[in-house]
Amino acid sequence: MHIYESLSLAPTGFTMGMVLMLLSLYVLLRPEHFRKSLAAVHAKSSAGTVLLGIDFIWVALLLFKADWNVLCMPLFEFENFRGILLILCPVIWFVMSSMAKEQLFARALGFFLLLMAIVPMSAAFLKDPATRILIPLWWYPVLTVAMFWVGKPYLFRDWMNWLVQRPRLISGIAVFNFVYGLLICTCAGLFWQ
C-alpha cells in the first residue's frame with residue numbers, strides 16, 4: 001500500500017481546508033498585491049523553472065526505489081521502465097527549462113496541481129462519511145483546469161489577464177474558497193475520524 005492510501009481523512013481535510021482559508025485571506029487582505037503578482041507571474045520563466053524542478057523532484061521520489069523512500073510507488077507491469085523514467089526526469093526538466101521557457105510557469109503549475117491532487121483524493125477515496133465528497137468536488141474542477149494549463153499554457157495567461165481586470169470576481173472566488181475551506185475544516189473536526 002502506498003503512503004497516500006494510508007493517509008487519514010481528518011488531518012488531510014483539515015490541512016486542505018486551512019490552506020484554502022489562508023490563501024483566500026491573503027487574496028482578500030492584499031488584493032492589489034495579488035492582482036499584480038497574478039498579472040506578472042506567467043511571464044517569469046525563473047518561477048516556472050523552480051516550480052518545474054519541484055515537480056520533477058516529486059516525480060523522482062515517486063519513482064526512486066529505496067528502503068527509506070516512503071513515497072515510492074509501484075509501477076506494476078511498467079516496473080521495467082523505472083530506471084528510464086528516473087533518468088528522464090532531470091533530462092526533461094533541463095530541456096523544458098532551457099528550451100521551452102515561454103509559458104513554463106503555467107505548465108509547471110498545472111503539473112504541480114496534478115501531483116498535489118492525488119494526496120487529498122487518495123485520503124478521501126472510498127472512506128466514510130459521505131461528506132468526504134467535499135474534497136473531490138473541489139479538486140475535479142481544479143484538475144480539469146490544470147490539464148488545460150499543461151496542454152495549452154497560453155490559456156493560463158489569457159485567463160489570468162481576464163481575471164486581473166475583474167477584482168470583484170477575484171474577491172468572490174476568495175470568499176467562496178474561504179467558506180469552502182471552513183466547511184472542510186468543520187467536517188474534518190466533527191465527522192471525519
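Please refer to the structure higher up on the page.
Residues numbered from 1 in each chain as written. Predicted model: local features only at pLDDT ≥ 70, side-chain atom pairs only at ≥ 80, totals over all residues. Heavy atoms only, no water.

Draft legend 1. Representation of the nonpolar core within the structure. Judged by nonpolar contacts, the single largest core of 47 residues is most densely connected at Trp 139, Phe 156 and Trp 192. Broken down by secondary-structure element, the contributors of at least two residues to this core are helix H1 (9-29), helix H2 (31-41), helix H3 (45-63), helix H5 (104-124), helix H6 (134-151), helix H7 (154-164) and helix H8 (167-190). Here this core takes 11 residues from H5, the largest share from any one element. Residues in contact with Trp 192, not counting those within four places in the same chain, are Leu 9, Ala 10, Gly 13, Pro 129, Thr 131, Arg 132, Ile 135, Ile 184 and Cys 187. (Core = buried A, V, L, I, M, F, W, Y, C linked by side-chain atoms within 4.5 Å. Buried < 20%, exposed > 50% of the residue type's maximum accessible area, 1.4 Å probe, protein only. Helix = DSSP H or I, 4+ residues; strand = E, 2+ residues; numbered from the N terminus. Contact = heavy atoms within 4.5 Å.)

Draft legend 2. The arrangement of H6 in detail. In a regular helix each residue adds 1.5 Å, so 18 residues correspond to 26 Å; H6 covers 27 Å between its end C-alpha atoms and thus fits that length. Burial in H6 covers these residues: Leu 134, Ile 135, Pro 136, Trp 138, Trp 139, Val 142, Leu 143, Ala 146 and Trp 149. (Expected span 1.5 Å × (residues − 1).)

Draft legend 3. Geometry of the pattern of salt bridges. Scanning the model with the defined rule gives four salt bridges in all. The salt bridge involving Glu 32 is made with Arg 35; its shortest N-O contact spans 2.9 Å. In this pair, Glu 32 and Arg 35 both sit in helix H2, three residues apart, roughly one turn of the helix. Here Arg 82 and Glu 79 are joined by a salt bridge, their closest N and O atoms 2.6 Å apart. A network of salt bridges, in which partner residues are shared, links Lys 65, Glu 79 and Arg 82. (Salt bridge = Lys/Arg side-chain N within 4 Å of Asp/Glu carboxyl O.)

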